[in-house]
Amino acid sequence: MTTNPLSQSNKYRSLVSQRVRQILPSGIRKFFDLLASMEGVISLGIGEPDFATPWHVREAAIYSLEKGYTMYTSNQGMPELRQELSRYLKDTYNLEYDPNSELLITVGVSEALDLAMRASIDPGDEVIMPDPCYVAYDAAVILAGGRPIMVPTSQENNFEVSAADIESKVTDKTKTILIGYPANPTGAVMPRNKLKQIAEVARRHNLLVASDEIYAKLVYGTEHTCFATLPGMKERTIFLGGFSKAYAMTGWRIGYAAANREIIAAMTKIHQYTIMSAPTMGQVAAIEALKSGEASVAEMVEDYNRRRLVMVKGLCDIGLSCFEPKGAFYAFPSIKNTGMTSEEFAERLLVEEKVAVVPGSAFGQCGEGHVRCCYATSLADIEEALARMKRFVNKHKKI
Amino acid sequence: MLKEILKILENDARITTKQIATMTGTPVDEVAKLIKKAEEERAILKYKTVINWDKVGDEQVWALIEVKITPQRDVGFDAIAERIYRFPQARTVYLVSGTYDLLVLVTDKTMHEVADFVAQKLAPIEGVQGTVTHFLLKRYKEDGEILEGGEGGKRQPVIL
């Protein structure tokens, strides 16, 4: 007797939890199979530095392996790493976090985000976030049993989320405002005064603010404002950060959360039952990055900035209007003049010209009409990608 | 701005003025003017290419030569250094601290020619007390570039 694999899969699908079934697979991964099967693709699709981790950081981790540091660490993370992190946050933002009770080392900022949501959300609680935003935000809220509430943002406002728009969505169910600036996918950076207005909303309605600042170090010609530094905000902010983007350490999976001791204790509880401790060698690498990584970061930021300017000008020259992204390593041009949906654009660009970009719709409804182009790739590739995109846009331009 | 332009050029001499203008957010004319000025003032000495000659099967012999010299009144090491760096075989000449005074990088077609140069030209110069010749056996890194199996190309074909 043969079994139909399809009916098999249907049979088991019903065993998957409702909660998980309501989450769509990340739109970012949609072209993965197609991409993997193609030769000669220039990918502007992947949101990670094209630098390898600075050698001194790798070397520190290798040394620790040689010395046999291969065991679990404390649940909250190695004491030395928390000490260093505490010092770093003090030096950088003048924020004082107790390394013993107010910091938690996680498996990338992704885990920190998940823990923050699970530790604070009760069933039905609402979390307000900008649209478009990073693909994991609404999923993290849904998985925690909450409801994501989207606040539209647009190119006209440089994809900055307005405090008034946030406040208009506040209900008695609202628990948290979740923001991530510098932003993935738009590259937007929020000016301090606009964040202050959001802080006012949080205070007025007694809300938590989860602030994902993974791209904090990647800003160009402007300042990053750490949300927790705003008056009265340290206590109600869950500050999420990590090493992946600034130190080119994506594969090491080390992030952190900084918050008041109740929140950190709650997050640590989940962390200890699900993760135990973040990878030891990654933590050793993170210590080295904090101790002497600044020069490498500055060099990489300088380099990204040059490519950023080439990418943005190139996109505008092709006729894909693009606001100036001041942070992260993404440009988020409008593709409306092609008359295509962003998914159609991304798919046809990949098939016809072998350039991979991510459809804006993967990041929320307001991302429709845009594509995300990551410029953390070589200058030669950026220029070749732009040349191919130019050919593509000229062929399909409607307006 | 000049420093920024020079850093970009130092890393890639083939980059165009227009590209630099975009990368630095400076008008093309301004970039061209600054480069021209840097060339005139010899802040930019020349534009060259870093080549792995082994790849094209054209082996050159290189030697690092430590030169110990007696400094002279009024001119110190400079006069002897000049007598050495005037030879085209001396590709790089540095005054260094430590157990010897000049470090001279010499290249020629054969080991014999390099040895000859040292014995016939360099060592007999008045004021040169002695030389130690190190023939170069293998290049691992040249001007910041790793010659074999560098860093690139480790990224997985994923969209994240």
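Procedures and definitions
- Residues numbered from 1 in each chain as written.
- Chains lettered and ligands numbered in written order.
- Predicted model: local features only at pLDDT ≥ 70, side-chain atom pairs only at ≥ 80, totals over all residues.
- Axes fitted to C-alpha atoms, helices over the stretch in contact; angles between N-to-C directions.
- Helix = DSSP H or I, 4+ residues; strand = E, 2+ residues; numbered from the N terminus.
- Parallel < 35°, antiparallel > 145°, perpendicular 65-115°, else oblique.
- Contact = placed C-beta atoms within 7 Å.
- Nonpolar A, V, L, I, M, F, W, Y, C, P; charged D, E, K, R; others polar.
- Buried ≥ 20, exposed ≤ 12 C-beta atoms within 10 Å, placed from the backbone.
- Pairing = 2+ DSSP bridges.
- Left-handed = near helix turned anticlockwise from the far one by under 90°.
- Arc of directions from axis to C-beta.
- Domains from an automatic or database assignment.

**Student:** Explain the packing of helix 6 (residues 108-120) of chain A against helix 10 (residues 261-274) of chain A to me, please; I cannot follow it from the model alone.
**Tutor:** Each packed pair of helices is defined by two parameters, the angle between the axes and the distance between the axes. Residue and element names in this part refer to chain A. The interhelical angle for the contact between helix 6 and helix 10, taken along N-to-C directions, is 110 degrees, at an axis separation of 9 Å. Judged by the angle between their axes, helix 6 and helix 10 are roughly perpendicular. In this structure, helix 6 contributes Leu115, Ala116, Arg118, Ala119 and Ser120 to the contact, and helix 10 contributes Ile263, Ala266, Met267, Ile270 and His271. For the contact of helix 6 with helix 10, the class distribution of residues is 7 nonpolar, 2 polar and 1 charged.

**Student:** Just checking my understanding: could you explain the environment of Ala116 of chain A for this structure?
**Tutor:** All names here are of chain A. Positionally, Ala116 belongs in helix 6. Judged by C-beta crowding, with 32 C-beta atoms within 10 Å, Ala116 ranks as buried. Once the C-alpha coordinates of Ala116 and Ile264 are considered, the two residues, 148 residues apart in sequence, prove to be 8.6 Å apart. If near-sequence neighbours (up to four positions away) are discounted, Ala116 is found in contact with Ala210, Ile238, Leu240, Ala257 and Met267.

**Student:** Looking at this model, I keep getting lost on the sheet that holds strand 1 (residues 61-69) of chain B. Mind explaining?
**Tutor:** Pairing between the strands of a sheet comes from backbone hydrogen bonds, and it takes one of two forms, parallel or antiparallel. Residue and element names in this part refer to chain B. Strands sit in the order 2-3-1-4 across an open sheet of 4 strands; the sheet is antiparallel. Edge positions in the sheet fall to strand 2 (90-95) and strand 4 (128-135), since each of these pairs with one other strand and no more. Here the average twist between neighbouring strands, direction ignored, is 20 degrees. Pairing analysis gives 7 bridges linking strand 1 to strand 4, with the strands arranged antiparallel. Within strand 4, the position partnered with Glu66 by the bridge is Val132. Sheet contacts for helix 5 (residues 111-122): strand 1, strand 3 (102-108) and strand 4; angle to strand 1, the most-contacted strand, approximately 20 degrees.

**Student:** Would you mind going over the packing of helix 4 (residues 55-66) of chain A against helix 11 (residues 280-292) of chain A with me for this structure?
**Tutor:** Residues and elements named next belong to chain A. Where helix 4 contacts helix 11, the two axes come as close as 8 Å, and the packing angle between them is 140 degrees. The angle between helix 4 and helix 11 places the two elements in the oblique class. The element helix 4 and its partner helix 11 pack so that their crossing is right-handed. Along its contact with helix 4, which presents His56, Val57, Ala60, Ala61, Ser64 and Leu65, the element helix 11 presents Met281, Val284, Ala285, Glu288, Ala289 and Ser292. Split into classes, the residues belonging to the contact of helix 4 with helix 11 amount to 8 nonpolar, 3 polar and 1 charged.

**Student:** I keep staring at the pairing of strand 6 (residues 208-212) of chain A and nothing clicks. Help me out?
**Tutor:** As a general feature of sheets, a regular strand has side chains that alternate between the two faces. All names here are of chain A. Within strand 6, 5 of the 5 residues are buried, leaving the element largely enclosed by the surrounding structure. Burial along strand 6 is two-sided: the face carrying Leu208, Ala210 and Asp212 and the face carrying Val209 and Ser211 are both buried. Where strand 5 (residues 174-179) lies against strand 6, 4 bridges are found, and the strand directions are parallel. Considered in strand 6, the bridge of Leu178 is made with Ala210. Across 4 bridges, the pairing between strand 6 and strand 7 (residues 237-242) is parallel. Note that in strand 7 the partner of Asp212 across the bridge is Leu240.

**Student:** So what exactly am I meant to see when it comes to helix 4 (residues 78-85) of chain B here?
**Tutor:** In an α-helix, one turn spans 3.6 residues, which is why side chains three or four residues apart end up on the same side. All names here are of chain B. Taken residue by residue, helix 4 has Ile80, Ala81 and Ile84 as its buried positions. The buried residues of helix 4 occupy an angular sector of 105 degrees when projected down its axis, which confines them to one face. Exposed and oriented more than 90 degrees from the buried face of helix 4 are Asp78 and Glu82. At its buried positions, helix 4 is contacted by strand 1, strand 2, strand 3, helix 5 and strand 4.

**Student:** What is the right way to look at the domain arrangement of chain A in this model?
**Tutor:** Accessible area lost on assembly of the parts is the figure often given for the size of an interface. Residue and element names in this part refer to chain A. Annotation of chain A at the domain level lists domain 1 (24-52 + 296-396) and domain 2 (55-292). Its C-alpha centre places domain 1 at a distance of 26 Å from the equivalent point of domain 2. If you look at the interface, domain 1 gives 33 residues, while domain 2 gives 31 residues. Those elements that provide at least two residues to the side of domain 1 that touches domain 2 are helix 12 (294-318) and strand 9 (330-331). If you tally residues by element for the side of domain 1 that touches domain 2, the top one is helix 12, at 6 residues. Of the residues assigned to the side of domain 1 that touches domain 2, the class counts are 19 nonpolar, 10 polar and 4 charged.

**Student:** Whenever I open this one, the environment of Cys133 of chain A confuses me. Can you help?
**Tutor:** All names here are of chain A. Here Cys133 is to be found in the loop between strand 3 (126-131) and helix 7 (136-143). Judged by the 28 C-beta atoms lying within 10 Å of it, Cys133 is buried. In this structure, the C-alpha to C-alpha distance between Cys133 and Ile46, residues 87 residues apart in sequence, is 16 Å. The residues contacting Cys133, other than those within four sequence positions of it, are Gly180, Phe363 and Gly364.

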